[in-house]
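Each chain is listed here by its residues.
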Amino acid sequence: MIKSKKKGSIIVISGTTCAGKGTVISKLLETEENMKLSISYTSRKIRPGDIEGETYYFVTKEEFERKIANGDFLEYAKVHDNYYGTPKLEIQQLLNQGIDVILEIDVVGAMNVKKMFPEVILIFIMAPSMEVVKERIKARGGESPAQIIRRFQTAYQEINEIPKYNYVVVNDVLEDAVLKVKSILISEKCRVDRIEEILVSNQEEVIHEFLMDKEFDNSEREIL
Ligand code: 5GP
């Protein structure tokens, strides 16, 4: 009876450094078949644990700037002196196939996407405390003290931007955080503005069929 919009939704997931948004997204993708993560391009150096084509497409600064000039990005931003960009063509293709696309991007990127797609679902993932962030950064390694300080400064700035998002999820217990994100996405699918049409069969025909129904009790039929 309800015909929902066929196009996929764009879901932006941002979060403070080491909030565990990548883990939340991986867990989400394990069960959501109709959802894909957009792989961004970046000019940052590959870190231990990164996988080319999975974490990002790693390119040089020059290659990235060529892609900007070509108009290949839906949005891009400079974060911690490195470029990060969301590829345009691939996302449009997925949305047209009715697939929901997750963009794991920063606050600036999120706001740029919102300008282009006002119906975007904006979710912000937070670590339970900055103490936890400190521990996670130490455990991850691979960055200089100056880079770590930059990450903290950015994290504090980003927290101020939370009111611009639709939802905030604290990633304390991973399973709970994943459940919260799933619940948000289920609710979003039920939004009235996602409905294209409400299909109701002809009223008179349905009433007539009802009256002719042999299993229907006669006394009730008289009342009608
Ligand atoms: P990291 O270097 O830790 O992987 O990411 C640094 C920041 O860049 C994160 O806040 C991440 O969300 C953001 N980021 C990753 N890809 C994109 C993108 O395509 N566009 C924008 N605007 N930010 C991105």
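Details of the structure are given in the entry above.
Take the packing of aromatic side chains next. Per the stated rule, a full pass over the model turns up 10 aromatic pairs. Taken together, a centroid distance of 4.9 Å and an interplanar angle of 35 degrees make the contact between Tyr-41 and Tyr-57 tilted. With Tyr-41 in strand β4 (residues 41–42) and Tyr-57 in strand β5 (residues 57–58), the pair connects residues that are 16 residues apart, well separated along the chain. Assessed through its relative accessible area of 19%, Tyr-41 is described here as buried. Directly above the aromatic system of Tyr-83 lies the positively charged group of Lys-78, at a separation of 5.1 Å from the ring centroid.

This part covers the environment of Val-101. Mapped onto the elements, Val-101 comes out in strand β8 (residues 100–103). Its relative accessible area of 1% is what places Val-101 among the buried residues. Once the C-alpha coordinates of Val-101 and Met-212 are considered, the two residues, 111 residues apart in sequence, prove to be 48 Å apart. Once you skip the residues sitting within four places of it in the chain, Val-101 turns out to touch Ser-9, Ile-10, Ile-11, Lys-36, Ser-38, Ile-91, Leu-94 and Leu-95.

It is worth spelling out the site of the ligand at this point. With respect to spatial proximity, 16 residues lie near the ligand, and among them Ser-40, Arg-44, Tyr-56, Tyr-84 and Asp-106 are the closest. Within the contact set of the ligand, a nitrogen atom lies 3.5 Å away from a backbone nitrogen or oxygen of Glu-104. Contact between the ligand and Arg-151: an oxygen atom at 3.3 Å from a side-chain N or O atom of the residue. When the ligand sits alone it has 520 Å² of accessible area, and the protein chains cover 92% of it.

With 16 residues, helix α7 (residues 174–189) extends 23 Å from end C-alpha to end C-alpha; this agrees with the ideal 22 Å at 1.5 Å per step. Where α7 is concerned, the buried positions are Ala-177, Val-178, Val-181, Ile-184, Leu-185 and Glu-188. For α7, the angular spread of the buried residues around the axis is 120 degrees, confining them to a single face. Exposed residues on α7 whose side chains face more than 90 degrees from its buried face are Glu-175, Leu-179 and Ile-186. Contacts from the buried residues of α7 go to β2 (10–15), α1 (21–31), β3 (35–37), β9 (121–126) and β10 (167–170).

Cut-offs applied
- Residues numbered from 1 in each chain as written.
- Predicted model: local features only at pLDDT ≥ 70, side-chain atom pairs only at ≥ 80, totals over all residues.
- Heavy atoms only, no water.
- Phe/Tyr/Trp six-rings, centres within 6.5 Å; stacked < 30°, edge-to-face > 60°.
- Helix = DSSP H or I, 4+ residues; strand = E, 2+ residues; numbered from the N terminus.
- Buried < 20%, exposed > 50% of the residue type's maximum accessible area, 1.4 Å probe, protein only.
- Lys NZ or Arg CZ within 6 Å of the ring centre and 35° of its normal.
- Contact = heavy atoms within 4.5 Å.
- Near = heavy atom within 4 Å.
- Polar contact = N/O pair within 3.5 Å; in protein donor to acceptor, adjacent residues only side chain to side chain.
- Areas by Shrake-Rupley, 256 points an atom, 1.4 Å probe, with all protein chains shown as cover.
- Expected span 1.5 Å × (residues − 1).
- Arc of directions from axis to C-beta.

As far as function goes, none of this settles anything; it's purely spatial.
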